[in-house]
Amino acid sequence: MNILEQILRRPRTVLTMMVVMVLAGVFTYITIPRESKPDIDVPVFYVSITQEGISPEDAVRLLVRPMETELRGLDGLKEITATSSTGHAAIILEFKSGIDHDKASRDVREKVDQARSKLPVDAKEPVVNEINFSLVPIIAVVLSGNVPERTLYQHARRLKDQIEALPSVLSADLAGHRPELLEVIIDRTRLESYKISQQQLVDAVIRNNQLITAGFMDTGKAGGGRFNIKVPGLFETAEDVYNLPVVSTPDGIVTLKDVAQIRRTFKDRSNYSRFNGKPSIAIQVVKRIGANVVENNLRVREVVDSFTKDWPKAIRVNFALDQSRSVFEILSSLQSSIMTAIALVMVVVVAALGLRSSLLVGLSIPASFMVSFLILGLDGQTLNMMHMFGLVLTVGILVDAAIVIVEYADRKVAEGLQRREAYILAAKRMFWPVVSSTATTLVAFLPMLLWPGVVGKFMSFLPLTVIIVLSASLLTAMVFLPALGGFFGRNHVPAEEAETAAQLAGTSHVDFSRIRGLAGIYIRLLQKIIARPFLVVVVSLAVVVLVFWSYGKLNNGTELFVDTEPEQAFVFVSGRGNMSAREKFDLVKQVEQRVLSVGGLKSVFTIVGQVGGNKIDGAGQDRPVDMIGQLILEPADYNLRRKGKLILDEIRRKTRDIPGLVIEVRKKEEGPPTGKDIRLQVSGLNRAQVEQATRRIRRYFEHEAGDLRDIEDTTPLPGIEWVLDVDRREAARFGTDILSVGSMIQLATNGLLIGTYRPDDAEDEIDIRVRMPRNERNLDQLDQLRVVTKYGPVPLSNFVTRKAQPKVSSITRRDGRYMMMVKANVTNGVVASRKIAQIEQWLNKQHWPGDVTTRFRGADEDQKESAAFLGKAMMGALFMMFLILVTQFDSFWQT
C-alpha cells in the first residue's frame, strides 16, 4: 500500500502517464489493422505426390501407405487424411493446436524425406505445403465481357502487375483463365514418310532446348584476361521451335515445321468462369499478414480505377467479395453498440452518483479501452469482431471498480476529509476488495484461453480481450482515477448525505426510513428479507432448480454458431457421368440463368469444373464430391434487399426441377468452417465393407430419418474408363514397347509434352505439346493409330486390346483406415443436435460388418469437444474464485 500511496502523492506524473497512454491508445486504434474474423494459425500441412498414370488403388499401396507409416509417429499429430486419385496422392496432416508450428514443419519435411526412398522410382518428388487460412483473397477484381479470350487475358495480366506493386499486397493471382500452350499439330502421313518416331521428337527438343555453361577460358598471359563461355540454347520464340531440326535425310534437314503446324494457343478447355452471365477472369488479391484490410482494398480500388479508365467499354471491371465491406459494417455496428452501452451505463451512474462523480466514473471507460488498444497494438494483434464483442461485454463490468473508489471517496469527503486525501484513502482501503472483485471476474474467463481446437482458437480472442480490458480498468480505478479525483472530485456533499455518513461512521442508530428513492426502497425490502433467512434460502434454491429443470425440458437444442445474415452464399451443382467440359457448362448455365432472375443479389460468380488457381470457390465449405459447377453469390446491401433466407429459398424453388442435376444452396459458414449440419464418418479396414455400410446409412437418411436435405455420400462415383492392355511379347515382336505405345496414345489425348519455353511476353513457362489434329482425337482413332518402328508403321491394334471398366474416382483413408462420409443438412426449423441424437439411436441398434465404425464429425464433434471443455473450465474457474475469496476473507463461511 505504501507504494500505491507514493505513486498517488505525485498526481501530475500519474496524469501525464495517463494522457500519454490514452493518446497512444487512440493512435493505435486509428492505425491498427482491421479484419472481420480472427487470424487463426492452425498447423495443417499438405503433402502432394504425383506419379503419371497411377491408379487410385495402386496409389494407396505404393504412395500413401509408405507415407502413412513414417508420418503417423509425428509428435502432436491429431489426424492424417490421405486421398488417392488417378496419378496423384494427397496427404493432409492436422496437428493439435498450440504446438510449435516451425518444429512441426521441420518434422513433417524430415519424415517425408525418409519415406521418399520407399516410393516408386518414377514418382515425382513429394511437395510439402503449409496451409495458412489467413492467406485468402480479401477482394476479387473481375474482368468480364464478350471479348476475345486473349484480349481479356492480356488486360488481366497487365492489371495484375499494377495491383501486385502495392506494398500491402502479397499476391494477385489470376483465376478463370486457360494456361497458354504452343501446340504442334502433326501430320501423321509426313511423320511416317520421314520415319520419325515419337521418341525422336522428344530427343530433338531435349537436346536443342538447353542452356549450357561451358566454363571459362583463362589465357594465362599478361593482359590476356579471363572470360566465361556459354552456349545459349533455350527456346525464346516460337520461331526457334519452328526451325527445330528433327532428323537428317539424304535430301536435307527435316525441321518440326515440315511435319507439323505450330501455333500459340490455350490448353483445351476443362473449365469456365463467368461473372453475372459473361465470360470472366478474376484477379484474387491476397494481403500481407498484418496489413489493414480496409486500407488495402481502398488502395486496390484506386489503382484499378486509375489504370482502367481508358480501357474499351466492352471490358467491364467489377469488384466482388470485398471483405473490407463486411469488416467496416461489423466493426461500425459494434462501435455503435459500444457507444450505446456507454451511454446507458452513464445514465445509470449519473442517476446513482450525481453528475460530478459519474463523470469521473465515465472517464474510466474510454481510458480503459484506449489502454487496452495500446496493449493489443504492442502485442501485434489486429482488431477483429471478437475483440469488439469483448469490449461490448466489458462496458458494464469495468466501471465497478471505479464506482467503489468514487463512492468510498465521496463518503470520506462527507465525513470531512479533503478530497485528495479521501481518494488516496479510498485507493488504499479498497485495494484488496477491488483487486479480489476484478480477479474473480478474470478467472471466470481465464480458463477459456485453454479452449482446444480450431473453435477454441477462434473464441480465445474474446476472453483475451476481457482480461486485457479488466486489467486496464484496474489500473484506471486504482491509479488514474484517484489522481483525477484529487483535482476534480466532490469537495462537499448535501447535508442529508453528510448526516447519514456521520451516523454510519459513529455508533448511533441510522434511521433508514428517512432515505428516499430507489436506495430507500431497496434498504427497506432488504430489512424484511433479512428477517426471514430460511424462507429466502428455500425460495432461492427452488428458483435455481426450476430454471435448470425448465431448460432441460424446454430447450430447443444447441448449435455451435448462431444463424446470421449471409455475407456470401454458394449454389453447388452436382451431376454424374462422363461429361465433357461443354456438357457441364450447358447444364450449369441453366442454373445460372435462373439464379440471375432472383432479386436481391449483387453479383453471381459462376465456375464450371475446377478453375485453376481459384481460391474463392467455396473451399472449406464441404463441397459435393460429384460437383460439376458452382455459383458464388454476393447479396446486395442488407438494407436494400429481403432477408437472406428468403432469397436462398427462392433460389431452391427455381432450380429444383432441372432434370439430371442436384442443386444445393448454402450460405457461407460463420466462424471456423465445419461443413454440413450432419457429417457422419464411416471407417474400417475393408473398403468394400465401408462402402456397403455407407450406402445403407445413405438409404436411412433418404427414406427414414426425415427432415434432411442435400444428402450425399463419398462412395465411388459411377463412370467408366478405358484400359489399353499391351501384349508385351507381341509388341516386342514388332520392334516396339510400352513407352512408344504410350507416347503415341498421348498424341490422341492431351498431347505429348516435348518441352517448354518462356517467351518475353509470358510470366510462366509455356508447354510445347505435340498432338494430332482435332478430328483424329477420338475413341475410334485409338484402334487406327500406328506406331513407327524399324519395320515401318505398325497398327496398335496388332498388340493392344481396348476395354471399358468401372472407374474408381478416388480412395480416402483417415488414420490408416478406409473412410467414407454421409452428409446432410437439416431442413428449416430443425435443430441439428436433436437430429444427430435420433440418428445416433438408430446407429446403435444396427449391426455393422467387420470392424466398421461410425463417428459424427464437423459441428457436432466441435460442439461436444467445446461442451466437455467448458464444463471443466467452469469447475476450474469456480475453484480459482473460491481460492481468491478464501484468501480475501480468510473464512470458509463468508466465502
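Residues numbered from 1 in each chain as written. Predicted model: local features only at pLDDT ≥ 70, side-chain atom pairs only at ≥ 80, totals over all residues. Heavy atoms only, no water.

Q: Hey, could you run me through the environment of Asn129 in this one?
A: Here Asn129 lies in strand β4 (residues 127-131). Asn129 sits in the partly exposed class, given a relative accessible area of 37%. When residues no more than four places from it in sequence are discounted, the contact partners of Asn129 are Val44, Phe45 and Tyr46. (Helix = DSSP H or I, 4+ residues; strand = E, 2+ residues; numbered from the N terminus. Buried < 20%, exposed > 50% of the residue type's maximum accessible area, 1.4 Å probe, protein only. Contact = heavy atoms within 4.5 Å.)

Q: Can you help me understand the packing of aromatic side chains in this one?
A: Each aromatic ring pair is characterised by the separation of its centres together with the angle its planes make. Scanning all chains against the criterion turns up 14 aromatic pairs. Note on Phe275 and Phe605: the rings are 6.0 Å apart at their centroids and 85° apart in plane angle, and the pair reads as edge-to-face. Pair noted here: Phe275 is in strand β13 (residues 272-275) and Phe605 is in strand β17 (residues 601-608), with a separation of 330 residues, a long-range link. For Phe275, a relative accessible area of 3% corresponds to the buried category. Among the residues examined, Phe605 registers a relative accessible area of 3% and is labelled buried. Between the aromatic rings of Phe882 and Phe892, the centroid separation amounts to 6.2 Å while the plane-to-plane angle is 25°, which identifies the pairing as stacked. Of this pair, Phe882 sits in helix α29 (residues 859-889) while Phe892 sits in the segment after α29, placing them 10 residues apart in sequence. Accessibility expressed as a relative area gives 65% for Phe892, which makes it exposed. (Phe/Tyr/Trp six-rings, centres within 6.5 Å; stacked < 30°, edge-to-face > 60°.)

Q: Could you clarify how one ought to interpret the nonpolar core in this entry?
A: Nonpolar side chains in soluble globular proteins generally cluster together in the buried interior. Within the largest apolar cluster, 100 residues are counted, with the highest numbers of intra-cluster contacts made by Val141, Leu143, Ile163, Val300 and Phe369. The element that contributes the greatest number of residues to this core is helix α18 (residues 461-488), accounting for 15 residues. Excluding residues within four positions of it along the chain, Leu143 makes contact with Leu152, His155, Ala156, Leu159, Pro279, Ser280, Ile281, Ile283, Trp311, Ile315, Arg316 and Val317. Counting residues in each nonpolar core, the second largest holds 41 residues, with Val247, Ile745, Ile754 and Val794 among its members. (Core = buried A, V, L, I, M, F, W, Y, C linked by side-chain atoms within 4.5 Å.)

Q: Would you mind showing me how to read the environment of Asn384 here?
A: By the element assignment, Asn384 lies in the loop between α12 (355-378) and α13 (385-394). C-alpha separation for the pair Asn384 and Leu331, spaced 53 residues apart in sequence, amounts to 7.5 Å. Those residues in contact with Asn384 that sit more than four places away from it in its chain are Glu35, Ser36, Lys37, Pro38, Leu331 and Phe461. Looking at Asn384, its side chain comes within polar contact range of the main-chain nitrogen of Met386, at 3.0 Å. (Polar contact = N/O pair within 3.5 Å; in protein donor to acceptor, adjacent residues only side chain to side chain.)

Note that every value here comes from positions in space, so none of it alone points to a role or purpose.
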